[in-house]
Amino acid sequence: MKTPALASLLLLSPALVLAQQEVDRASTPPTQGNQLERVSVTRQQTDTDLRRRQPVAKQLYGREELDKYGDTQLSDVLKRLPGINVSGGQLRMRGLGGAYTQILVNGEPAPPGFSLDNLNPAQVERLEVSKAPTADQTAQAIAGTLNIILKDAPRVVQKDLRLGVSYANEKPTVGGSFTYGDRIVGGIGLVLPISFFQWDNRNETQSDRVRDAGATHLASEGSDHSYGRGVNISPRLNWKLGDDETLTMQGFFLRNRFRNEGEGTTQILASTPGQSVLPTSVLDSSRNRGSFAANRINLQYNNRFGEDRRIELRAGTGSGGADFQYDFLGRNAAGVQTVTRTTTGDNTNRQTSLAGKYSQYAGEDHTVTVGGEIERRTRDEMRRTVENGADLLPGIEGQPFNATITRTAAYAQDEWEINKQWSAYFGVRHEQIKTVSEGVGSQFNNTSKVTTPLLHLNFKPDPKGRDMVRASLTRSYKAADVQQLIARPTINTDYPAIGPDARPNTMTTPDRIGNPNLKPELATGLDLAWESYLPAGGMFSVGVFHRRITGLVRNALMEVPKEDAHWADGVARWVSTPINLSKATTQGLELEIKGRAAELFPGLFEPTTALSLRASLNLYRSHVADIPGPDNRLEGQQPWQFNFGADYRFKSVPLSVGFSGQIAPKYTVQQTVLLSQSSLPARSFDAFAMLQLGPKDSLRVATSGQFQPTQGSRVTVTGLPDYNLNERKPVAWWSVNWEHKF
């Protein structure tokens, strides 16, 4: 159990030397005549204190963690947290992809298209990470739930200004935020956080492909440049109507515009006449541009009737959408234009929701809560691809389609304080999701109903002690999203499906098509954890979890004969489509340790050493029943992940420094009987230095993503020499941020 802490200690040696030098300087006796002033220190509740008091297992992260590195994107904060990694803006918990991880904003599902890259941590009050679901939130959380709590109105006047400059590519980008909070008149409180952001990223890319049963060998290299800007506003108004009655309005408004430019050159390393299918272009360029918007307003009314009853009512409405235009230009080796492809699209999303819950004390030991929710979302979308002046799929391209999603839920729960050692949480939730779609190639009606019983237990071996054992037995699920249900085909343009050049594609270049008959994945989960909280605020925890998943959704690869491939001109096509497999299991071991160095290693550090250490080690295993081994794990789940870090505050100067690292290994996933995918190892290192310029000003210098190796994946075909290797070299970020408190 000491392995993570010892590993962190070895990796922190530079910080430890600095810390010991500061201790020696501080221990020097003061010269005569110096007058020591009396100092009164009051310890505030830390994130660890709040975590210990939660009725269910939950990790909380507040302002200290959010502000530490001066991040302008919430995704950069999350990637440093135990058991979490972020890939392409998608959150992954316990090594499982974004579809298994639920993201909430103030307890409500995040709006469609929401990205963690577009939310500034300055707008967030705290983060709540739950590994097992509760009855009052949707149970679509097989891996866990991230609840983002936005800024609340302060008790005193708050005016903060943050400005920053970052650099990772050809030119610097700027970002900043301003937060104004105050109690206006009477019981009305207001907070108005505004942030603006830019990004500018470039990756060098390489690919190596063998296809056509080994007859064709291609190699490509190029670059990918993405940049853009956006603004985010999340005002909140609290109105205290009475001693126990409040009305809250929360807004969330996001706008951004994005650009992406790419270039690539393909070399034909080998080809077999009569068997090779050579690319129609080898000198390619692309450009994608568009915008995204999300708007939401929520109202919440709370009233406590006496001391034993409480009611909460919520109503919300929102809208948003996106548009884009993607242009592709392909030329042959002589520079002659051979392919011109333009894809345009736009979508509009609308959402309304109503929810309410009633809580009442039952005796001295029980708090019973019942509630219900209803939510309706609509999505209207149009997309068209034109290649060389003709529709890629005649009769389908440019035709609108839509989807209406109606979610209803009812739940009941009981929080029971059994005695000074035991407490329990019982709950049951029934949720129904109905998805209806109309339009050319997208007509379907899909309904899923799931009942999720929940049990959480807490046990304190010593009622007056700080140690705690937590156990949870729950059911969770994952419903299919709209894109998985729509049966419109998406063509792989390397192998045209229509026209004079129509030809069969290959297993490594399949078309894609949805499945309107998908059922939800159900997971029965067991979580056990021992948490030891140290007197000075440190903690150590060890936990295990197990999930048994039925109805697992996996992309299946199948060859559709030419008579059934209605979207192709008389040729057979390989197709990737999602299906429900039988079952899968995943389990893991989770270790976490953090605290002041003197508390974790009292024999090595003085009590006054202002050094904090942290480390976490997560081990994952999974097994998919219908896929042959040995690598038949859940898709995207790495075998292990190690996070470590340290923070140190100097005594002689108003300077704080720290760093954080993340490591994950290379691993292989057998995706289907025919295909396997290997992911390259991941590694990243972040560091910061914060100088307190005065009572109201501070300056932070930070770097993110140092020492990252080449990232990418390799897809291989069982029994054939065919493979597809894609690699990219990420670039590290540097930033300087100034903060002023008025």
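Residues numbered from 1 in each chain as written. Predicted model: local features only at pLDDT ≥ 70, side-chain atom pairs only at ≥ 80, totals over all residues. Heavy atoms only, no water.

A.B. asks: Would you mind going over the overall build of the protein with me for this structure?
C.D. replies: In terms of regular secondary structure, the protein is built from seven helices and 38 strands. Its C-alpha atoms give the protein a radius of gyration of 28 Å, near enough to 27 Å, the size a compact globule of 742 residues would have. Structurally, the protein occupies a C-alpha span of about 95 × 60 × 50 Å along its principal axes. A burial count over the protein gives 51% of its 742 residues as buried. Partitioning the intrachain contacts of the protein with sequence separation of at least 6 by distance along the chain shows that 68% fall at a separation of at least 24. (Helix = DSSP H or I, 4+ residues; strand = E, 2+ residues; numbered from the N terminus. Rg over C-alpha atoms; globule rule 2.2 N^0.38 Å. Buried < 20%, exposed > 50% of the residue type's maximum accessible area, 1.4 Å probe, protein only. Contact = heavy atoms within 4.5 Å.)

A.B. asks: Help me understand the pairing of strand S24 (residues 521-533), please; the structure alone is not making it clear to me.
C.D. replies: Looking down a regular strand, the side chains alternate between one sheet face and the other. Bridge count for strand S22 (residues 467-478) against S24 is 12 bridges, and the pairing is antiparallel. Bridged to Asp467 within S24 is Ser532. The turn linking S24 back onto strand S25 (residues 539-550) is made up of five residues, and Gly537 within it adopts a positive phi angle of 110°. (Pairing = 2+ DSSP bridges.)

A.B. asks: What should I look at first to understand a nonpolar patch on the surface in this one?
C.D. replies: A contiguous nonpolar surface patch, about 730 Å² in accessible area, is contributed by Leu163, Val165, Val174, Leu192, Ile194, Phe196, Val231, Leu691, Leu693 and Trp738. Those elements that place two or more of their residues in the nonpolar patch are strand S8 (158-167) and strand S10 (188-211). At three residues, S10 tops the list of elements feeding residues into the nonpolar patch. Among the structural elements, Leu192 can be located in strand S10. Residue Leu192 is classed as partly exposed on the basis of its relative accessible area, which comes to 30%. (Patch = residues over 30% accessible without salt bridge, like charges linked within 9 Å, V, L, I, M, F, W, Y side chains within 5 Å. Areas by Shrake-Rupley, 256 points an atom, 1.4 Å probe, with all protein chains shown as cover. Salt bridge = Lys/Arg side-chain N within 4 Å of Asp/Glu carboxyl O.)

A.B. asks: Mind showing me how you'd approach the sheet that holds strand S27 (residues 573-580) here?
C.D. replies: The strands that make up a sheet are held in pairs by hydrogen bonds between backbone atoms, and each pair lies either parallel or antiparallel. Taken in spatial order, the three strands line up as S23-S27-S26 in an open sheet, and their pairing is mixed. Unpaired on one side and paired on the other, strand S23 (511-512) and strand S26 (553-560) mark the two borders of the sheet. Across two bridges, the pairing between S23 and S27 is parallel. What sits directly across from Arg512, in S27, is Ser576.

A.B. asks: Whenever I open this one, the nonpolar core confuses me. Can you help?
C.D. replies: For soluble globular proteins, the rule of thumb is that nonpolar side chains tend to be buried together. Core analysis: the biggest nonpolar cluster contains 33 residues, and Leu74, Leu78, Leu116, Leu127, Leu146, Ile148 and Leu552 have the highest contact counts within it. Taken together, the elements giving at least two residues each to this core come down to helix H5 (74-78), strand S3 (90-93), strand S6 (124-130) and strand S7 (144-150). The contact partners of Leu74, leaving out residues within four places of it in the chain, are Leu66, Leu116, Leu119, Pro121, Val124, Leu127 and Ile148. Within the second largest apolar cluster, 19 residues are counted, among which are Phe540, Leu591, Ala646 and Phe650. (Core = buried A, V, L, I, M, F, W, Y, C linked by side-chain atoms within 4.5 Å.)

A.B. asks: Would you mind going over the pattern of salt bridges with me for this structure?
C.D. replies: Any two side chains of opposite charge can pair if their charged atoms end up close together. Taken as a whole and assessed by the stated rule, the structure comprises 42 salt bridges. The partner of Glu381 in a salt bridge is Arg383, and the shortest N-O contact between them spans 3.1 Å.

A.B. asks: Is there a simple way to explain the packing of aromatic side chains in this structure?
C.D. replies: Here a ring pair, both rings aromatic, is described through the centre-centre distance and the interplanar angle of the planes. Applying the stated criterion across every chain yields a total of 13 aromatic pairs. Relative to Phe685, the ring of Phe659 lies with its centre 5.4 Å away and its plane at 25°, an arrangement referred to as stacked. You can see Phe659 sitting in strand S31 (residues 655-664) and its partner Phe685 sitting in strand S34 (residues 682-692), a full 26 residues away along the chain. Consider the rings of Phe685 and Phe707, whose centres lie 5.8 Å apart with planes at 50°: the pair is tilted. Note that Phe685 is positioned in strand S34 and Phe707 in the loop between strand S35 (697-706) and strand S36 (711-717), a separation of 22 residues in sequence. (Phe/Tyr/Trp six-rings, centres within 6.5 Å; stacked < 30°, edge-to-face > 60°.)

A.B. asks: Would you take a moment to explain unusual backbone geometry for this structure?
C.D. replies: Excluding glycine, most residues fall at negative phi; most peptide bonds, likewise, are trans. For the bond from Gly629 to Pro630, the omega torsion is 10°, close enough to zero to count as cis. Following the sequence through the fold, Pro630 ends up in the loop between strand S29 (611-624) and strand S30 (640-649). The phi torsion at Arg94 lies on the positive side, around 55°, for a residue other than glycine. As for its placement among the helices and strands, Arg94 is situated in the loop between S3 and strand S4 (101-105). Its identity is not glycine, yet Asn106 carries a phi of approximately 55°, on the positive side. Note on placement: Asn106 falls in the loop between S4 and strand S5 (108-109). We classify Asn106 as partly exposed; its relative accessible area is 23%.

A.B. asks: What's the story with the sheet that holds S7 in this structure? I'm lost.
C.D. replies: Within the open sheet, the five strands sit side by side as S1-S6-S7-S4-S5. Their pairing is mixed. A single partner strand is all that each edge strand has here, and the edge strands are strand S1 (58-61) and S5.

A.B. asks: Explanation requested: the environment of Pro500 in the structure shown.
C.D. replies: Turning to its location among the elements, Pro500 is positioned in the loop between helix H6 (482-485) and S23. On the basis of relative accessibility, which here comes to 87%, the residue Pro500 falls in the exposed class.

A.B. asks: What's the story with the side chain of Glu521 in this structure? I'm lost.
C.D. replies: Among the structural elements, Glu521 can be located in strand S24. Among the polar contacts listed, one links the side chain of Glu521 to the side chain of Tyr100, at a separation of 2.8 Å. Within polar-contact distance, the side chain of Glu521 engages the backbone nitrogen of Val553 at 3.2 Å. Glu521 has contacts with Tyr100, Ile142, Ser476, Tyr477, Lys478, Ile549, Thr550, Gly551, Leu552 and Val553, leaving out every residue within four places of it along the chain. (Polar contact = N/O pair within 3.5 Å; in protein donor to acceptor, adjacent residues only side chain to side chain.)

A.B. asks: Which parts of the structure should I look at to understand the environment of Glu375?
C.D. replies: Position of Glu375 among the secondary structure elements: in strand S17 (residues 366-387). It is 40 Å that separates the C-alpha atoms of Glu375 and Asn726, two residues lying 351 residues apart in sequence. With residues up to four places along the chain from it excluded, the contact list for Glu375 reads Pro109, Gln351, Thr352, Ser353, Ile405, Thr406 and Arg407. Reaching out from Glu375, the side chain makes a polar contact with the side chain of Gln351 at a distance of 3.4 Å.

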